[in-house]
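Here is what each chain is made of, one letter per residue.
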Amino acid sequence: MQQDELILLAKKIKEHKCEMQEIEVKAAEKGCPLRLYDTLSSFSNQDSGGVIVFGIAEEKGFDPVGVYDAQDLQKKVTEQCKQMEPVVRPLFTVALDKGKALVSAEIPGADIIERPVFYKGAGRLKGSYIRVGESDEQMSEYEIYSYEAFKRKTNDELQVLAKSEFSEVNQSEIILFLAKLRSKKPNLGELTDQKNLALSGIYSENNLTLAGLILFGLYPQALYPGLCITALVVPGYKIGDIGDDEERFSDNKKIEGTLPQMIDGAIAFIIRNMREKTIIDSNGRRADKTEYPIRAIREVVLNALIHRDYSIHTERSPVRILMFKDRIEVENPGGLYGRITLGNLGKIGADTRNPYIASNLEIMIDTENRFSGIPIIINEMAKAKLPPPVFENKRGVFKVTLYNEEKIKSSGNSDPIAERLLAFCQTPRTRAELEEFTGFSRYYTMSKIVQPLLDSKQLRVTLPDKPKSVKQMYIVAK
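Summary of the structure given here.

The rules we used
- Residues numbered from 1 in each chain as written.
- Predicted model: local features only at pLDDT ≥ 70, side-chain atom pairs only at ≥ 80, totals over all residues.
- Heavy atoms only, no water.
- Helix = DSSP H or I, 4+ residues; strand = E, 2+ residues; numbered from the N terminus.
- Buried < 20%, exposed > 50% of the residue type's maximum accessible area, 1.4 Å probe, protein only.
- Contact = heavy atoms within 4.5 Å.
- Areas by Shrake-Rupley, 256 points an atom, 1.4 Å probe, with all protein chains shown as cover.
- Lys, Arg positive; Asp, Glu negative; His and termini not counted.
- Charge placed at Lys NZ, Arg CZ, Asp CG, Glu CD.
- Core = buried A, V, L, I, M, F, W, Y, C linked by side-chain atoms within 4.5 Å.
- Phe/Tyr/Trp six-rings, centres within 6.5 Å; stacked < 30°, edge-to-face > 60°.
- Lys NZ or Arg CZ within 6 Å of the ring centre and 35° of its normal.
- Axes fitted to C-alpha atoms, helices over the stretch in contact; angles between N-to-C directions.
- Parallel < 35°, antiparallel > 145°, perpendicular 65-115°, else oblique.
- Nonpolar A, V, L, I, M, F, W, Y, C, P; charged D, E, K, R; others polar.
- Pairing = 2+ DSSP bridges.
- 1 Å grid on protein atoms, 1.4 Å probe; cavity = no way out; pocket = protein on both sides within 12 Å on 5 of 7 lines; lining within 4 Å.
- Points joined across faces, edges and corners; volume = space filled by probe spheres on them.
- Disulfide = S-S within 2.5 Å.
- Salt bridge = Lys/Arg side-chain N within 4 Å of Asp/Glu carboxyl O.

Some remarks on the overall build of the chain
Scanning the chain from N- to C-terminus turns up 16 helices and 23 strands. Oriented by its inertia axes, the alpha-carbon framework of the chain measures out at about 80 × 60 × 45 Å. Out of the 478 residues in the chain, the part that is buried amounts to 52%. Relative to all contacts within the chain whose residues are 6 or more apart in sequence, the contacts with residues 24 or more apart total 65%. Of the accessible surface of the chain, which amounts to about 23,000 Å², a share of 51% is contributed by carbon and sulfur atoms. Placing the 67 positive and 67 negative side-chain charges of the chain at their respective mean positions leaves the two points 3 Å apart.

So this is what it looks like as structure tokens:
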């Protein structure tokens, strides 16, 4: 950060009178803050990192008050950075703003293989933090586990079920699977059934694995009742809306069975509760159009079941399907895994949380384990002339929202994602945050979503004189 950028940043903080996802302020007028560990941890644990600005007093309306001693401050902040694991390496900038010395410490985001970054004095469980808005919140045990599982390449799908027996699986499905396996992978043709089942992660040490149970078990929910789908139809636009007959839910179903059975059951539930309309083309031919494209629905359900977390931390958490008048929401426990982010979702080969389940389903029901699910969802919604899907990744839960035509008609914006983005921009947001929020490329986000909101004066920029500045932010126009 250059000196003039630090002064502009201080001006922006003063204007908005708030801290942000990537900005923390500290007065430091009378000395170095004694405990920066929470913020050092939370900034290090987000991809974008963050900036701590010293010399601004929140209690004085975010006015610059200056720091007591810029050189000593940097020394003492560095000492606190050395108490982190791994050590944090800040980049300092010193600038004078109307005679007041300001110091910024840019905290880089750590590589995912080094996370969680934590304060050694508190330990990993109590010293790891995550940034939520303007606050630093202690990481949950599950959030910490997610990083550890990725680093150690833990395969929770291969948990061995002690004392499990071959009789606990559907024998005919196993035989069919082995036949398809040998057909698609001829190099495995000479191996025994037992060896092929072991290589496929279905059996380990002569016991059934969790993957084997949920793919071939007679009734997997007898052992894991939470590994199911709960599906609800709400007669309105939010939970709590009541239907014409005072019903809270128009349909309510718990979908159980193996993964293939739950996939079929979930798709059947959605189709049963979807509206259809008949379209007559210019040649007089009629066709039925479903409320949502079936292929997109299938990919959303597949992704939720294949990529959900199957660890002990989430084994009581079902996949959730919620159908509202204007949208479908599908949530699965387990946020994005590994190095994948919302910004590159569907664009690169992702780390796979459950590679054995994904690979086996590709054989069983002809799924594609080639990272094509997200592009298919996006393309199918576009072909149906519906708003693009919304992808969200929040503290261990991944959520996909599909909107229908009713949302377009009822919204003041032609794209309901714009309405959600306006709510998101109640506090200033960077281009990277907007891209992360929408889940699309920067070009699409800025040109197709943000620019129309700027043109209609629903959004405004924080640095109008520097439209291309890397420090540019976007906020709802008052």
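Examining the nonpolar core
Phe177, Leu259, Ile270 and Ile321 are the most contacted members of the largest nonpolar core, which has 65 residues in total. The biggest single contributor to this core is helix α10 (residues 294-307), with eight residues. Filtering out sequence-adjacent residues up to four positions away, isoleucine 270 remains in contact with Ile297, Val301, Ile321, Met323 and Ile328. Ile52, Val77, Val103 and Ala105 belong to the second-largest nonpolar core, a separate cluster that totals 22 residues.

Here's the deal with the environment of asparagine 196
Position of asparagine 196 relative to the elements: it lies in helix α7 (residues 193-199). Contacts of asparagine 196, omitting those with residues within four sequence positions, involve Leu178, Leu181, Arg182, Leu188 and Leu191.

A closer look at the packing of aromatic side chains
Within the structure shown, the criterion is met by four aromatic pairs. On the numbers, 6.3 Å between centres and 10 degrees between planes, the contact of phenylalanine 391 with phenylalanine 398 is stacked. Phenylalanine 391 gets classed as buried once you look at its relative accessible area, which sits at 1%. Judged by relative accessible area, phenylalanine 398 falls into the buried class, the value being 9%. Sitting above the plane of the phenylalanine 424 ring, arginine 429 keeps its charged end 3.9 Å from the centroid.

A few points about the packing of helix α15 (residues 431-438) against helix α16 (residues 442-455)
At a closest axis distance of 9 Å, the pairing of α15 and α16 adopts a crossing angle of 90 degrees. Here α15 lies roughly perpendicular to α16, going by the angle between them. Along the contact surface, α15 presents Arg431, Ala432, Leu434, Glu435 and Thr438, while α16 presents Arg442, Thr445, Met446, Ile449 and Val450. When its residues are assigned to classes, the contact of α15 with α16 shows five nonpolar, two polar and three charged.

Details of the sheet that holds strand β18 (residues 327-333)
Ordered in space as β14-β13-β17-β18-β20-β19, the six strands form an open sheet in which the pairing is mixed. What marks the edges here is a single partner per strand, and that holds for β14 (251-255) and β19 (390-394). Sheet twist, expressed as the mean angle between neighbouring strand axes with direction ignored, is 10 degrees. Summarising the sheet, strand β13 (residues 229-233) and β14 pair through five bridges and their orientation is antiparallel. Residue leucine 232 lies in a different strand from β14, and its bridge partner there is asparagine 252. Against the sheet, helix α9 (residues 259-272) contacts β13, β14, β17 (319-323) and β18, and its axis sits at roughly 175 degrees relative to β14.

So, the sheet that holds strand β2 (residues 50-54)
Strands sit in the order β1-β2-β7-β6 across an open sheet of four strands; the sheet is mixed. Two strands in the sheet have a free side with no partner beyond their single neighbour: β1 (23-26) and β6 (91-97). The average angle at which neighbouring strand axes cross in this sheet is 20 degrees, direction not considered. Bridge analysis of β2 against strand β7 (residues 100-107) gives five bridges, and the strand direction is antiparallel. Residue valine 53 lies in a different strand from β7, and its bridge partner there is serine 104. Each of β1, β2, β6 and β7 touches helix α1 (residues 3-16); the most contacted strand, β6, lies at about 70 degrees to it. Packed onto the sheet, helix α2 (residues 37-44) meets β1, β2 and β7 and runs at close to 150 degrees relative to β2.

What about the pairing of β6?
Taken together, the seven bridges between β6 and β7 define a ladder with antiparallel strand orientation. What sits directly across from valine 94, in β7, is valine 103. Adjacent in sequence and paired antiparallel, β6 and β7 are bridged by two residues, among which lysine 98 carries a positive phi angle near 55 degrees.

Quick notes on empty space enclosed by the protein
The full count for this structure, using the stated rule, is two cavities of 30 Å³ or more. In this structure, the largest cavity occupies an estimated 90 Å³ of space. If you trace the largest cavity, you find it lined by Tyr145, Ser146, Ala149, Thr154, Asp156, Asp309, Tyr310, Ser311, Tyr337, Arg353 and Asn354. Across the lining of the largest cavity, the residue classes tally to four nonpolar, four polar and three charged.

Digging into the layout of surface pockets
Taken as a whole, the largest pocket holds about 1,400 Å³ of empty space. Along the wall of the largest pocket there are 43 residues; nearest its centre are Gln46, Asp47, Ile130, Asn393 and Glu436. For the lining of the largest pocket, the secondary structure elements donating two or more residues are β9 (129-132), α5 (141-152), β19 and α15. Among the residues forming the lining of the largest pocket, the class breakdown is 16 nonpolar, twelve polar and 15 charged.

Looking at the state of the cysteines
By definition, a disulfide links the sulfur atoms of two cysteines through a covalent bond. One pass over the full model with this rule turns up zero disulfides. Of the cysteine sulfurs around cysteine 32, a residue in no disulfide, the closest is that of cysteine 81, at 9.5 Å. Cysteine 32 gets classed as buried once you look at its relative accessible area, which sits at 14%. For cysteine 81, a relative accessible area of 0% translates into the label buried.

Observations regarding the pattern of salt bridges
For the structure shown, the criterion picks out 32 salt bridges. Salt-bridge contacts for aspartate 193 lead to arginine 182; the nearest nitrogen and oxygen are separated by 2.7 Å. You can see aspartate 193 sitting in helix α7 and its partner arginine 182 sitting in helix α6 (residues 171-184), a full eleven residues away along the chain. Residue aspartate 193 is classed as partly exposed on the basis of its relative accessible area of 40%. The closest approach of N and O atoms between glutamate 392 and lysine 394, which form a salt bridge, is 3.2 Å. Judged by relative accessible area, which is 8%, glutamate 392 ranks as buried. Shared partners join several salt bridges into a network, and the residues in it are Glu24, Lys26, Arg131 and Asp136.

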